[in-house]
Amino acid sequence: MNNQSIHFPRSRTSVSSLIALILGFVILIGVGLNLSYRPELPHRPANAVYFWKTTFDPDSAEIKFIKEHAVKRVYMRMFDIVANRGAAPPEERVVPNATLRFPAIEDESFWQTHQSLADAAYVPTVYITVDALREMDGAVAQWAGKIVERVSNMVSYNFIPNVEGLQLDCDWTGSTEEIFFELCEAVKRELQNRDKSLKLSSTIRLHQLSQPVPPVDFGVLMVYNTGNFTDPDAHNSILDPCDVEPYLGDLSGYRLPLDVAYPLYTWQLLFHDRKFAGLLRGVEMTDTTEFLRTGENTHRALRDVVEGRTIIRKGDVVRTEKSDYKSISDIKKIIDRRIASPNYSTTLYHLDSKTFSNLSHDEIDSIYICRR
């Protein structure tokens, strides 16, 4: 893997200054003041974006987005790790799935042609299901080696430049925490054996802020999918300040350097008899003979409507949810005040011309600006 080393200057302190500093700490503690924890990230702050498709073939709008918003870090989903319980041999009970393809890359000329892409740093990202994590129990080191080897081969074969490390994305909970932490330690050892400058990161979901800190170099706090999308009465499960704020009390004391990720996407949720029935995208509901508007973001089908392979039955409800600028901005102001990391990167999810068109150019630039 390729990498550009990042060096932080170290200050020099005289002995007398050091003694004075220690005495100052003692005095502060004596009067009961609470010293804040300020974890430094292992990289420079940069506008960042997730790439979460199964094909890496960015169109002109996506390349323009990278250039115009000075995106300098791309978290690139390489593949998922899923359980394969039907397979008898232990070595086949965990398998890669939905591997990213690179049809546009035949050689290094692709990166030379698209300079804005070549200038960015890349963090290969692997999504791991909780079921797959459980299947790894007892052979974590083996799977860690396979994950790193597969990512390394994909990086090399597709000439991906400026690789900073690897990210693991997993919604671990108390019952799978030990296995996930063991996997992080094993993956980190594998990375260090290849290149000591490579960093391991993990996604951090809001509910994980109250849990022990994983053994990684830094985390990316995922401030999206904050509600229960299967709840027929939810307003916006992608991002709702009312869902987010209760978790942020743990943010200032979280002892891991954090970057923060916000959503750009839109989706439509289908409900049949108040039960979640599927995910839709791009369904037009302007025809008043087909849909009746029943709320700010809900429509009820007046008759059966065929959308691709999905049949929206008469009486079904479609809820359209968006990543709106005001919600992102309001939450970001709170996070800017509470996050312990003094200089952090803002990451947007995800790079897709249909996705980021929901917000204006100025709104996206405003989200990227750190207000601390």
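Residues numbered from 1 in each chain as written. Predicted model: local features only at pLDDT ≥ 70, side-chain atom pairs only at ≥ 80, totals over all residues. Heavy atoms only, no water.

Asks: Explain the overall build of the protein chain residue by residue, including any values.
Replies: Helices and strands together make up the secondary structure of the protein chain, namely 11 helices and 16 strands. Burial statistics for the protein chain: of 372 residues in total, 47% are counted as buried. Long-range pairs, those at least 24 residues apart, make up 74% of the contacts in the protein chain between residues at least 6 apart in sequence. Carbon together with sulfur atoms contributes 49% to the accessible area of the protein chain, which is approximately 18,700 Å² in total. (Helix = DSSP H or I, 4+ residues; strand = E, 2+ residues; numbered from the N terminus. Buried < 20%, exposed > 50% of the residue type's maximum accessible area, 1.4 Å probe, protein only. Contact = heavy atoms within 4.5 Å. Areas by Shrake-Rupley, 256 points an atom, 1.4 Å probe, with all protein chains shown as cover.)

Asks: Please set out the pattern of salt bridges residue by residue, giving values where relevant.
Replies: Pairing of side chains with opposite charge becomes possible as their charged atoms draw close. This model, assessed by the stated rule, comprises 17 salt bridges. Salt bridges sharing partners connect three or more residues here, namely Lys53, Glu62 and Asp352. (Salt bridge = Lys/Arg side-chain N within 4 Å of Asp/Glu carboxyl O.)

Asks: Kindly report on the packing of helix α6 (residues 140-157) against helix α7 (residues 177-194), identifying the contributing residues and their values.
Replies: Viewed as axis vectors pointing N to C, α6 and α7 meet at an angle of 50°, and their least axial separation amounts to 8 Å. Here α7 runs oblique to α6, going by the angle between their axes. Here α6 runs over α7; the crossing is right-handed. Contact with α6, carried on its side by Val140, Ala141, Ala144, Gly145, Ile147, Val148, Glu149 and Ser152, involves Ile179, Glu182, Leu183, Ala186, Val187, Glu190, Leu191 and Arg194 of α7 and no other residues of that element. Class assignment of the residues belonging to the contact of α6 with α7 gives a composition of 10 nonpolar, two polar and four charged. (Axes fitted to C-alpha atoms, helices over the stretch in contact; angles between N-to-C directions. Parallel < 35°, antiparallel > 145°, perpendicular 65-115°, else oblique. Left-handed = near helix turned anticlockwise from the far one by under 90°. Nonpolar A, V, L, I, M, F, W, Y, C, P; charged D, E, K, R; others polar.)

Asks: Explain the side chain of Thr125 residue by residue, including any values.
Replies: Relative to the helices and strands, Thr125 resides in strand β4 (residues 121-128). Sequence-distant contacts of Thr125, defined by excluding residues within four places in its chain, comprise Tyr50, Trp52, Tyr75, Met76, Arg77, Met78, Phe79, Gln167 and Asp169.

Asks: Go over the sheet that holds strand β11 (residues 291-293) with me, naming the residues and quoting the values.
Replies: Taken in spatial order, the five strands make up an open sheet running β10-β9-β15-β12-β11, and their pairing is antiparallel. Looking along the sheet, the strands with just one partner apiece sit at the ends: β10 (275-280) and β11. Taken pair by pair, the neighbouring strands of this sheet meet at an average axis angle of 30°, ignoring direction. Relative to strand β15 (residues 317-321), strand β12 (residues 298-301) runs antiparallel, the two sharing three bridges. Bridge pairing links His299 to Val318 in β15. (Pairing = 2+ DSSP bridges.)

Asks: Got a sec to walk through the environment of Pro232? Specific residues and values, please.
Replies: Along the chain, Pro232 turns up in the loop between β7 (218-222) and α8 (241-244). Considered as a pair, Pro232 and Arg319 are 87 residues apart in the sequence and their alpha carbons are 8.5 Å apart. Setting aside chain neighbours within four positions, we find Pro232 in contact with Phe271, Arg274 and Arg319.

Asks: Residues and numbers for α7, please.
Replies: In this model α7 runs 26 Å from its N-terminal to its C-terminal C-alpha over 18 residues, within 8% of the 26 Å that 1.5 Å per residue would give. The complete set of buried residues in α7 reads Glu177, Ile179, Phe180, Phe181, Leu183, Cys184, Ala186, Val187 and Leu191. Buried residues along α7 sit in contact with β4, α5 (130-135), α6, β5 (165-169) and β6 (199-205). (Expected span 1.5 Å × (residues − 1).)

Asks: Pulling in residues and values, what's your account of the nonpolar core?
Replies: Counting 96 residues, the largest nonpolar core has Phe56, Ile128, Met136, Leu183, Tyr262 and Ile335 as its most contacted members. One finds Val283, Met285, Phe291 and Val305 within the second-largest nonpolar core, a separate group that totals nine residues. (Core = buried A, V, L, I, M, F, W, Y, C linked by side-chain atoms within 4.5 Å.)

Asks: Run through the packing of aromatic side chains, naming residues and quoting values.
Replies: Between two aromatic rings, the relevant description is the distance of the centres plus the angle of the planes. Counted by the stated rule, this structure contains 21 aromatic pairs. When the centroid spacing of 5.8 Å and the interplanar angle of 75° are considered together, the rings of Tyr50 and Trp52 count as edge-to-face. For Trp52, a relative accessible area of 22% translates into the label partly exposed. Following the ring pairs from residue to residue traces out a cluster consisting of Tyr50, Trp52, Tyr75, Tyr224, Phe229, Tyr265, Trp267, Phe271, Phe276 and Tyr349. Of note, Arg150 hangs over the ring of Phe79, and the distance from its end group to the ring centre comes to 4.9 Å. (Phe/Tyr/Trp six-rings, centres within 6.5 Å; stacked < 30°, edge-to-face > 60°. Lys NZ or Arg CZ within 6 Å of the ring centre and 35° of its normal.)

Asks: Which residues make up the pairing of strand β1 (residues 47-51), and what are the values?
Replies: The element β1 is extensively covered by neighbouring structure, given that five of its five residues are classed as buried. As defined by bridge partners, β1 adjoins strand β16 (residues 346-349) across three bridges and the pair is classed as parallel. Opposite Tyr50, over in β16, you have Tyr349 as the bridge partner.

Asks: Account for the state of the cysteines, with residues named and values stated.
Replies: In the structure shown here, the tally under the stated rule is zero disulfides. Of all cysteine sulfurs in the structure, the one in Cys184 sits closest to Cys170, which takes part in no disulfide; the separation is 8.5 Å. Its relative accessible area of 0% is what places Cys170 among the buried residues. (Disulfide = S-S within 2.5 Å.)

Asks: Please set out the environment of Gly138 residue by residue, giving values where relevant.
Replies: Tracing the sequence through the fold places Gly138 in the loop between α5 and α6. Overall, the relative accessible area of 78% leaves Gly138 in the exposed class. For the pair Gly138 and Ile179, spaced 41 residues apart in the sequence, the C-alpha separation amounts to 8.9 Å.

Asks: Lay out a nonpolar patch on the surface in plain terms, naming residues and giving numbers.
Replies: Where nonpolar side chains cluster on the molecular surface, the patch consists of Phe229, Phe276 and Leu279 and spans about 240 Å² of accessible area. Along the chain, Phe276 falls in strand β10. Given a relative accessible area of 31%, Phe276 falls into the partly exposed group. (Patch = residues over 30% accessible without salt bridge, like charges linked within 9 Å, V, L, I, M, F, W, Y side chains within 5 Å.)

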